[in-house]
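# Secondary and tertiary structure notes
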Amino acid sequence: MSRALTPDVQAALRAATISEDGLTLTLAGQLDRPTYQATAKAIEALGGKWNRKAKAHLFQSDARGILNGVLDGAPLPKKNPLAFFATPAHLVEQLMDLLPNVDGVRALEPSAGDGAIAQTLRDAGALVDVLELDDGRHARLIAAGYQPVGRDFLAYIPAAPYPVIVMNPPFTAEGDAQAYIAHIEHAWTACLAPGGVLVAIAPSGFTFREDKRAAGFREFVQQHGEYTANAENAFTASGTGVNTVTLVVRKPLEEAAMPATQQTSTRAQKPQTKKIKAPDVPPEDLPFPVTEAQLEAAVAAAPGELPGTPVLITPADLDPGTLGLHAVPLHQTDRSSCNVRHHYDPVAIEELAASLKAEGQIENATGRWNAEGRVEIVAGESRRRAQLLRQEQGEPDLTLLVNIRELTDAEALSISATENMRRRNMTALEECEAMHRLNEAGRSVEDIAGMFGYKSLQPVADRILVSKNLHTTPRDLLDKGELSLAQAFVIARAPGKDLQLSMTQDATSGWNRASADTLLKRLTNGQVLVKNAKFDVEKSGLEVKKDLFDAFEPFFLDKAAALNAQIEWVQAKAEKLRKKGKHEFVHVITDGGFDRYGRVYGGWAGDGKGGLVFVISQHDGSVRQEDQVLLRARVSTSADGTTVKKEREISDSAYQQAHELRAAALRESVLGNTHLTLALTVWGLILGANPGEGRVKVYELNGLPTKEYRAAAMPELHARAQVLDKVLEPLATRSSGYHAVLSGNKPAEAPLLQLLIDTPDDVLLEYLNTLVSVTAYDWSIYSNKSVARAEYALLASLTDASQRLAKSFKLTDEWLKKYPRPDLVALAEEAGLGRALVEDCATLKEMRARILEHAERLYQEGFVPKLVQFPAPPVSAAAKEFSALCERATALIDTLEPQQINDLLDGSGFDHTDFDTPEEGQESLKQELQNFGLAGLKAWDALWTLAPTEPAAAD
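Per chain, residue numbering runs from 1 following the sequence as it is written. Residues qualify for local features only when their pLDDT is at least 70, as the model is predicted, and side-chain atom pairs are given and counted only at 80 or more; totals for whole chains, interfaces and linings, by contrast, use all residues. Calculated side-chain values reflect all of the structure's heavy atoms, with hydrogen atoms and water omitted.

For the protein chain, the name recorded in an unreviewed UniProt entry is ParB N-terminal domain-containing protein, with Deinococcus hohokamensis as its organism.

## Describing the sheet that holds strand β19 (residues 601-604)
Rule in force here: Only strands joined by at least two bridges in the DSSP assignment are considered to pair. In DSSP terms, a helix is any run of H or I states spanning at least four residues, a strand is any run of E spanning at least two, and both are numbered starting from the N terminus. Simply put, an axis is a line fit to the C-alpha atoms, just over the touching stretch for a helix, and the angle between two N-to-C directions goes from 0 to 180 degrees.
Spatially, four strands are ordered β18-β20-β21-β19 in an open sheet, and the strand pairing comes out mixed. If you trace the sheet from one side to the other, it starts and ends with β18 (586-589) and β19, each paired once. Across this sheet, the average inter-strand angle for adjacent strands is 45°, counted without regard to direction. Where strand β20 (residues 611-616) and strand β21 (residues 623-631) come together, five bridges link them in antiparallel fashion. Its bridge partner being in β21, Val615 is matched across the sheet by Arg624.

## So, the packing of aromatic side chains
The way to describe two aromatic rings as a pair is by their centre distance and the angle between their planes. Rule in force here: Side-chain rings of Phe, Tyr and Trp, where Trp is taken by its six-membered ring, are said to pair if the distance between their centres is within 6.5 Å; with planes under 30 degrees apart they count as stacked, over 60 as edge-to-face, and otherwise as tilted.
In total, this model carries nine aromatic pairs according to the counting rule given. The interplanar angle of 80° and the centroid separation of 6.1 Å between the aromatic rings of Tyr180 and Phe217 together place this pair among those described as edge-to-face. Pair noted here: Tyr180 is in helix α7 (residues 179-191) and Phe217 is in helix α8 (residues 212-224), with a separation of 37 residues, a long-range link. Taken together through their ring pairs, the aromatic side chains of Tyr180, Trp188, Phe206, Phe217, Phe220 and Tyr227 make up a single cluster.

## What to know about the pattern of salt bridges
Spelled out, the test is: Here, a salt bridge means any Lys or Arg side-chain nitrogen found within 4 Å of an Asp or Glu carboxyl oxygen. Here the term buried applies to any residue with accessible area under 20% of the maximum for its type, exposed to any over 50%, and partly exposed to those in between, with areas from a 1.4 Å probe on protein chains only.
What the rule picks out here adds up to 28 salt bridges. Across the pair Glu381 and Arg384 runs a salt bridge, and its minimum N-O distance is 3.0 Å. With a gap of three residues between them, Glu381 and Arg384 both fall in helix α11 (residues 381-392), about one helical turn apart. Accessibility classification places Glu381 together with Arg384 in one group, the buried group. Note that Glu861 is salt-bridged to Arg857, the shortest N-O span being 3.0 Å. What you see here is one network of salt bridges that share partners, running through Arg368, Glu376 and Asp409.

## Notes on the nonpolar core
Keep this limit in mind: Remark: nonpolar core denotes a set of buried residues (Ala, Val, Leu, Ile, Met, Phe, Trp, Tyr, Cys) joined through side-chain atoms within 4.5 Å.
Core analysis: the largest hydrophobic core is formed by 28 residues, its most contacted members being Phe153, Ile165, Ile184, Leu198, Phe206, Phe217 and Leu247. Of all elements in the fold, only β7 (162-167), α7, β8 (192-203), α8 and β10 (244-250) reach the threshold of two or more residues within this core. In terms of residue count, the dominant contributor to this core is α7 (seven residues). Counting 27 residues, the second-largest nonpolar core is a separate cluster that includes Val92, Met96, Val164 and Ala234.

## Some thoughts on the sheet that holds strand β14 (residues 375-379)
Here five strands make up an open sheet; going across it, the order is β11-β15-β13-β14-β12 and the pairing mixed. The open sheet has two edge strands with one neighbour each: β11 (324-329) and β12 (333-335). Sheet twist, expressed as the mean angle between neighbouring strand axes with direction ignored, is 50°. Both β11 and strand β15 (residues 399-404) contribute to a ladder of six bridges, which runs antiparallel.

## Overview of the packing of α7 against α8
This is how it is decided: Orientation is classified from the angle alone, with under 35 degrees giving roughly parallel, over 145 giving roughly antiparallel, 65 to 115 giving roughly perpendicular, and any other angle giving oblique. For a crossing to be left-handed, the near helix must be turned anticlockwise from the far one by less than a right angle; the clockwise case is right-handed. Only heavy atoms enter the contact rule, under which two residues are in contact if any of them lie within 4.5 Å.
Remark: α7 packs on α8, axes separated minimally by 11 Å, with the N-to-C direction vectors making an angle of 40°. It follows from the interaxial angle that α7 and α8 lie oblique. Crossing hand, α7 versus α8: left-handed. The segment α7 lies against α8, with Tyr180, Ile181, Ala182, Ile184 and Trp188 engaging Arg213, Ala214, Phe217, Phe220 and His224.

## Comments concerning the pairing of strand β13 (residues 365-369)
Consecutive residues of a regular strand have side chains that alternate between opposite faces of the sheet. Most of β13 is tucked away: five of the five residues are buried. Here β13 shows a buried face lined by Ala365, Gly367 and Trp369 and a second buried face lined by Thr366 and Arg368. Pairing of β13 with β15 involves three bridges; the strand directions are parallel. Considered in β15, the bridge of Ala365 is made with Val402. Note: β13 against β14, four bridges, orientation antiparallel. If you follow Arg368 over to β14, its bridge partner there is Glu376. Linking two consecutive strands that pair antiparallel, namely β13 and β14, is a turn of five residues; a positive phi of about 75° is found at Gly373 within it.

## Topic: the side chain of Thr333
As a reminder, the rule being used: Two N or O atoms count as a polar contact when they lie within 3.5 Å, although within protein this holds only if one can serve as hydrogen donor and the other as acceptor, and sequence-adjacent residues are included solely when both atoms are side-chain atoms.
Position of Thr333 relative to the elements: it lies in strand β12. Here Leu330 takes part through its backbone oxygen, which lies 2.7 Å from a polar atom of the side chain of Thr333. Not counting residues within four places of it along the chain, the set of residues in contact with Thr333 comprises Val328, Arg374, Val375, Ile377 and Arg384.

## Topic: helix α28 (residues 790-798)
Stated formally: Working definition: the arc comes from the directions between the helix axis and the C-beta atoms, pointing outward to the latter.
Turning to α28, its buried residues number three or more, namely Tyr792, Ala793 and Ala796. Down the axis, α28 shows its buried residues gathered within 105° of arc, on one side only. If you follow the buried residues of α28, they end up packed against α29 (801-808).

## Concerning a negative patch on the surface
Cut-off, in case you're wondering: Patch criteria: residues need more than 30% relative accessible area and no salt bridge. Like-charged residues are merged within 9 Å; nonpolar side chains of Val, Leu, Ile, Met, Phe, Trp and Tyr are merged within 5 Å. Each accessible area value is a Shrake-Rupley result obtained with a 1.4 Å probe; residue values ignore everything except the protein chains displayed when judging cover. Only four residue types enter the charge count, namely Lys and Arg as positive and Asp and Glu as negative; His and the chain termini do not. For charged residues, the charge sits on one atom: NZ in Lys, CZ in Arg, CG in Asp, CD in Glu.
Taken together, the side chains of Asp903, Asp906, Asp911 and Asp914 define an acidic patch exposed on the protein surface. Its location among the elements puts Asp906 in helix α36 (residues 898-907). Its relative accessible area of 38% is what places Asp906 among the partly exposed residues.

## Points about unusual backbone geometry
One non-glycine residue with positive phi stands out, namely Lys55, at about 55°. You can see Lys55 is positioned in the loop between β3 (49-51) and β4 (56-58). The phi torsion at Asp397 lies on the positive side, around 55°, for a residue other than glycine. Here Asp397 lies in the loop between α11 and β15. Judged by its relative accessible area of 74%, Asp397 falls in the exposed class.

Here it is as structure tokens:
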């Protein structure tokens, strides 16, 4: 896939959310399939993997940094850029079979990957050191308990060589199809002890190729060991079909060098060694592998040092010009002028200082001698600062382990930039400045793009442009992270300080900050674009502003001259068309304001008639044509449409006042005419409404049910709607309509009104009832979880809606599947079945089954869950007052003596002799309270005179 993100993928990633730890990325919304597939591939390239349970992409390490990088223009990481292919378990066992007893022996696994080989060595008792370049795998090795001794194996030189090395090196690398040879060469030359053994997996190509490098490597392996072919497709599960071999080589006590090849690694300097005679001990007299104690005893019998072992010169012996790996006194070190990094986190330096104190320096720095006779640190400035901090804290005589090399400025810049890019330690501005400095040091844009893994030149050119052109203010904001790199790319293209500062303000201030795309439009805003030019651009001689990579549309530097050329071309074109006579007139408008010429033009003629108007925009020089244009009546113009002669017309206010007079007369004439009221109401509900139409208006009917659902769920309404459909069918027009009852075409308006005027009131009332019933409840609402509106609860209390609801609702398995476990428990309790019925169920299916055993009985009893029920209707202030007065009256009646009850009955229009006992009459009085109404209850003097105080109005 392309290393650059498409706009759709960028938009999808910008809209996604990522967790605070940077390990979980969740896409937003629903993407179309092509966009989703492209976005998923991009996320996988960043290291994310889809997790169905989490419904998100998961990362093994914090992805925020790399995600921000690609969104700011960095290319996507290459798929498996380090050519890592995990070693299959059966090959790990095969490697171990080629080793002697490694218990207690120091062993190295370079490019350790996920640690499959290292773990097997550790299980066998070896003292294992590992290296790993990839950030994620390096972190996982640390999590597994390893302390990696470095990152880049080809830059690693151990303090003491290893008796055992087991490796599965990268098969290839960018620019090196036989990278495994470079890795095995470095392991043999710089890391393997004399008498040691190296076991490795390698592609089988070297066993038959005849190029000098492969042939030389084959000769080396045959001289010092042997190789065995592995099974075909042994690495298929690891992601490659390359055939491989397992090789084992043993290093003699006298140093053995690999044969020279056409291509050797230049990524690490070999250690400076002194050529000495090997110990005069026959190899067969030494055990294999040689332990350190046995090797030291053998060396003691011979002068000199082991070949291939770095000689660490003491600080006092370090002379200017000395090359190789050395412990350099801190006072002899300097920060390199070629160091591309400027910002160092003090907390990180403190943590590194503590690590150096506890574990020593694991990874070497790289440096060179400067003119002052000091070693300037090209790569490893953080380690130098950490050692300086330790020295400030009181630790004396500290040194820095440095691989001192002869480096040009360009080489030093390359090492510094590569080191910091790999560690992702640079700010965006440091990255831009690094590429700029490399370019100034003689590296081409192509070289820099290859160095940093870019497939195209634009990312490098953009960064160099930022370093060269960006003004101080946006430059500081970019360095602080307050301005994105994508925004900086655009601002750096803006000519002049003022425009750059204005664009920076737009990009960093306010809630609606300008994106890179928005800023890009500002570069050409108000310019005459070359793509809009009708004239011959080349012949005009006008200078054009163009971006090397077409980041913005080319435009003319002299806007006025470009506009004049455009106008001249259009006027010449108009004159030619006038001579042809195909148009009634041809006008040219040069101020872009066709819409402002309403006093001249009065619409479009159609049928190929009318005139032609050219409209030239003063903003961007674009030209548009308005064809078949009509001139207004009583208007004459000059050829270009700018000189207008027009006779006086009736003023608009007269027309408006005529409308108002008619409206006032008609509205008052309808007053009192109930028949027309009914007819107009039904007319408006049938037709719906458009602004300005004189009828009852229904602007929206919310969420109409389909005819099929209406017939099944609301059969009475459906039947009434069909009756109305039949009445209106003869009046149907070709205009489609949107209506709650009617579907299909609208009836003709005037005939419909006449039909309704001729319809009796009782039938009109039936039609009105049918139409109004459709809007009695919203079919769909914005928030499904909101309760029914109060006005609908009131309607339900005044009708049999609740009873109909009980008849239509019955508990089913499909309904119960909508409930989670806690709500099923609550539902059982609400239905009177009790919580105990379902609380002990192991599954939701069992819970539903137990509830459904009672479904038929609940249906017969009219059970409806609260979720489905209409809420209680709203209570008015008068109802509250009446309720309170009833309670007061009931309490008062309960206190009356039998004779008082008889008197009250007789005084209220009853006959106390109709009741067998005073208590029976007392109950009858209390039941009669509801029939009084608020006003009647207040005026029941026969009762209130018996009360000790006057009745008070309810609160």
